[in-house]
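Descriptive structure summary
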Amino acid sequence: MRLGMVGLGRMGSNMARRLMRGGHEVVVTDLSADAVKGMAGEGAVASSSVDDFCSKLGSPRIAWLMVPAGGPTQSTVEALAQRMQSGDILIDGGNSYFKDDIRRSQMLREKGIHYIDVGTSGGVWGIDRGYCMMIGGPQEVVEQLDPIFKTLAPGRGTIPRTPGREKISGTAEEGYMYCGPSGAGHFVKMVHNGIEYGIMQAYAEGFDIFRSANKPELPKDQQYDLNLPDIAEVWRRGSVISSWLLDLTSMALAENPTLAEYSGFVQDSGEGRWTIEAAIDEAVPVDVLSAALFVRFRSRQEHTFAEKMLSAMRQKFGGHIEPAIEKKKSA
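Residues numbered from 1 in each chain as written. Predicted model: local features only at pLDDT ≥ 70, side-chain atom pairs only at ≥ 80, totals over all residues. Heavy atoms only, no water.

Observations concerning the sheet that holds strand β1 (residues 2-6)
Formally: Pairs of strands are assigned from DSSP output, requiring at least two bridges between the strands. Secondary structure is summarised from DSSP: a helix means a run of H or I of at least four residues, a strand means a run of E of at least two, and numbering begins at the N terminus for each. Residue contacts are counted whenever heavy atoms from the two residues lie within 4.5 Å of one another. Axis lines are fitted through C-alpha atoms, for helices just across the contact stretch, and the angle between N-to-C directions can take any value from 0 to 180 degrees.
Here 8 strands make up an open sheet; going across it, the order is β3-β2-β1-β4-β5-β6-β7-β8 and the pairing mixed. The open sheet terminates on both sides in strands that have one partner only, identified here as β3 (45-46) and β8 (176-180). Relative to strand β5 (residues 89-92), strand β4 (residues 62-65) is paired through 4 bridges, and the arrangement is parallel. Within the sheet, the bridge partner assigned to Ile 62 lies in β5 and is Ile 89. Across the sheet, helix α1 (residues 10-21) touches β1, β2 (25-29), β4 and β6 (114-121), and the angle it forms with β1 is around 165°. Most of the contacts of helix α4 (residues 71-81) go to β4, to which it runs at about 170°, and overall it touches β1, β4, β5 and β6.

This is the structure:
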């Protein structure tokens, strides 16, 4: 299929590469002319403007957005909508707020343009591992786009099949799924990221306990000088709490057990806040998720080893560079 990729950041560029590897034709555009030129050198179709971008798409036009949530996504949607026709498809694969999806889909529906929201997880590793996708919008349009989702998704791979799963239909085992009408995809991804906050916080606090186990204030026979890289590594091997986040933790600790290159300043990207707001709207108690979000707020005032662990995990799975680290490196 031929589609366009708007936004060639860490994820957008790698998604375009994976699509091209899968035999799709990808038209690319970005605020950076160098980024467009670089992707063109890898086989993408370059475009020099929004008009040029839209003119090079197929019929129906399919444009996939990978730009920051909020204002940048809204302005991009509006710019494309002015140039699109009835039957064209606009996909938001970023981290938009699900209520914005509902509003945008209603706006575009008046012009006959289909709007699909895709919560996308995979970070900088997705180009090889594939991307887990949670999809919202008109189901018949989502089914039309299946070849694109199938290419981007990780597929079944070597993960053992869940007992009883053979009786259940759908594409979840392939790493992507249709969640429901507009906003449902980003709603599921929003809660996914809220859970991610909690899991990361649990690992971070646990390793902070290990690091403090040799404090002189403790009784001598209760002091332990523990090897943090080895603990992370052994837990990867058969432990009930093994996970990809633990894999990345082990990688970070193997590189530097003190995590000295991380400041402990931890950003929140929005989805954690929205998850708590949704929980409030639904009167659902979320003790762990809300506490994990508040720790990120506190990290901007003082920094513990646990917060450095959080910074390390964010950098490993998504290539996120915390602002304080960038400042430190440029000093």
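Continuing now.
As for the environment of Asp 30
Counted only if it meets this: Only protein chains enter the area calculation, which uses a 1.4 Å probe; residues under 20% of their type maximum are buried, those over 50% are exposed, and those in between are partly exposed. For this analysis, a polar contact is any N or O atom pair within 3.5 Å, provided that within protein one partner can donate a hydrogen and the other can accept it, and provided that sequence-adjacent residues contribute only side-chain to side-chain pairs.
For Asp 30, the position within the fold is in the loop between β2 and α2 (33-40). Accessibility expressed as a relative area gives 27% for Asp 30, which makes it partly exposed. Separated by 25 residues in the primary sequence, Asp 30 and Ser 55 place their C-alpha atoms 16 Å from one another. Beyond its immediate stretch of four places on either side in the chain, Asp 30 contacts Gly 7, Leu 8, Gly 9, Ala 35 and Val 36. Among the polar contacts listed, one links the side chain of Asp 30 to the backbone nitrogen of Leu 8, at a separation of 2.7 Å. A distance of 2.7 Å separates the side chain of Asp 30 from the backbone nitrogen of Ser 32, its partner in a polar contact.

Focus on helix α14 (residues 305-318)
Side chains that are three or four residues apart share a direction in an α-helix, a result of its 3.6 residues per turn. Quick reminder of the rule: In this analysis, the expected span of each helix is defined as 1.5 Å times one less than the number of residues it contains.
Relative to the 20 Å expected for 14 residues at 1.5 Å per residue, α14 spans 20 Å between its end C-alpha atoms, a close match to the ideal helical length. Counting buried positions along α14 gives 12 out of 14 residues, so the element sits mostly inside the fold. Listing the buried residues of α14 in full gives Phe 305, Ala 306, Glu 307, Met 309, Leu 310, Ser 311, Ala 312, Met 313, Arg 314, Lys 316, Phe 317 and Gly 318. Summarising the contacts, the buried residues of α14 are in contact with α1, α9 (184-211), α10 (228-235), α11 (244-255) and α13 (287-298).

Quick word on the nonpolar core
Where we set the bar: We call a set of buried Ala, Val, Leu, Ile, Met, Phe, Trp, Tyr and Cys residues a nonpolar core when their side-chain atoms join them within 4.5 Å.
Core analysis: the largest hydrophobic core is formed by 31 residues, its most contacted members being Met 5, Trp 64, Ile 116, Met 133, Leu 145 and Phe 149. In terms of residue count, α1 provides more of this core than any other element does, 4 residues in total. Residue contacts for Met 133: discarding those within four places in its chain leaves Trp 64, Val 118, Gly 119, Thr 120, Phe 149, Leu 152, Ala 153, Gly 175, Tyr 176 and Met 177. Grouped together as the second largest cluster of nonpolar side chains are 23 residues, Phe 207, Val 266, Phe 305 and Met 309 included.

What to know about the pattern of salt bridges
So the rule is basically this: Every case where a carboxyl oxygen of Asp or Glu lies within 4 Å of a side-chain nitrogen of Lys or Arg is listed as a salt bridge.
Enumeration over the complete set of coordinates arrives at 19 salt bridges. Residue Asp 128 is joined to Arg 21 by a salt bridge in which the shortest nitrogen-to-oxygen separation is 3.2 Å. With Asp 128 in helix α6 (residues 126-129) and Arg 21 in helix α1, this pair connects stretches of sequence that are 107 residues apart. For the pair Asp 128 and Arg 21, a shared accessibility class is recorded, and that class is exposed.

Considering the packing of aromatic side chains
Basically, it comes down to this: Ring pairs shown here join Phe, Tyr and Trp side chains whose ring centres sit within 6.5 Å, with only the six-membered ring taken for Trp; geometry is labelled stacked below 30 degrees between planes, edge-to-face above 60, and tilted in between. Charge-over-ring placement is defined geometrically: NZ (Lys) or CZ (Arg) within 6 Å of the ring centre, and within 35 degrees of the ring normal.
Evaluation of the coordinates by the stated rule reveals 9 aromatic pairs. For the pair Phe 98 and Phe 187, a centre-to-centre distance of 4.9 Å together with 85° between the ring planes defines the contact as edge-to-face. You can see Phe 98 sitting in helix α5 (residues 98-109) and its partner Phe 187 sitting in helix α9, a full 89 residues away along the chain. The exposure class assigned to Phe 98 is buried, which follows from its relative accessible area of 14%. Judged by relative accessible area, Phe 187 falls into the partly exposed class, the value being 26%. Ring plane angle 90° and centroid distance 5.6 Å describe the contact between Phe 207 and Phe 210, whose orientation is recorded as edge-to-face. Here Phe 210 and Phe 207 lie together in helix α9, a separation of 3 residues that amounts to about one turn. With relative accessibility at 0%, the residue Phe 207 sits in the buried group. Among the aromatic residues, those joined into a cluster by ring pairs are Tyr 97, Phe 98, Phe 187 and Trp 274. Stacked on the ring of Trp 244, the Lys or Arg Arg 129 has its end atom at 4.0 Å from the ring centre.

Some remarks on the environment of Thr 304
Within the fold, Thr 304 resides in the loop between α13 and α14. Classification of Thr 304 by relative accessible area gives partly exposed; the value is 23%. Counting along the chain gives 275 residues from Thr 304 to Thr 29, while the straight-line C-alpha distance between them is 41 Å. Non-local contacts of Thr 304, meaning those with residues more than four positions away in its chain, are made with Asp 208 and Arg 298.

Any link to function would need more than the numbers given here.
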